[in-house]
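So you can see what is in the structure, the chains are spelled out below.
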Amino acid sequence: MCRSIKTLRPPVLAEEATEDEIRAAALQYVRKVSGFRAPAAHNREVFDRAVDAVTEATATLLADLEVRGGAGARRAS
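About the criteria used
- Residues numbered from 1 in each chain as written.
- Predicted model: local features only at pLDDT ≥ 70, side-chain atom pairs only at ≥ 80, totals over all residues.
- Heavy atoms only, no water.
- Helix = DSSP H or I, 4+ residues; strand = E, 2+ residues; numbered from the N terminus.
- Contact = heavy atoms within 4.5 Å.
- Areas by Shrake-Rupley, 256 points an atom, 1.4 Å probe, with all protein chains shown as cover.
- Salt bridge = Lys/Arg side-chain N within 4 Å of Asp/Glu carboxyl O.
- Buried < 20%, exposed > 50% of the residue type's maximum accessible area, 1.4 Å probe, protein only.

Student: Just to check I follow, could you spell out the overall build of the chain for this structure?
Tutor: From N to C terminus, the chain includes two helices and zero strands. Nonlocal contacts in the chain, meaning residues at least 24 apart in sequence, comprise 52% of its contacts between residues at least 6 apart. Surface exposure of the chain reaches about 5,600 Å², of which carbon and sulfur atoms provide 53%.

Student: Could you clarify how one ought to interpret the pattern of salt bridges in this entry?
Tutor: A side chain of one charge can pair with a side chain of the opposite charge if their charged atoms are brought near each other. Going through the model one piece at a time under the given rule, you end up with four salt bridges. Residue E21 is joined to K6 by a salt bridge in which the shortest nitrogen-to-oxygen separation is 3.3 Å. Within this pair, whereas E21 is found in helix α1 (residues 19–34), its partner K6 is found in the segment before α1, the two being separated by 15 residues in sequence. Assessed through its relative accessible area of 47%, K6 is described here as partly exposed. Between R44 and D48 there is a salt bridge; the shortest N-O distance is 3.1 Å. Of this pair, R44 and D48 both sit in helix α2 (residues 44–64), separated by four residues, roughly a single helical turn.

Shown next as structure tokens:
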């Protein structure tokens with residue numbers, strides 16, 4: 001669905017995802033789902049709330065994932 005969103009967990013991403021990377025992925029997701037690259041002024045607040053919610057959910061997911069196997073396996077944060 002969102003080909004420009006990259007995987008943000010180890011071992012695919014060598015380091016832990018940054019806040020900026022997580023927010024960028026959330027923004028891409030909300031843009032794709034809403035169909036708006038940049039929302040009109042009357043939709044800006046709801047668009048921004050959606051990006052915030054997806055950012056938070058993504059950060060929680062990455063923090064709680066347990067990556068097993070491989071030499072570099074570790075808990076993703």
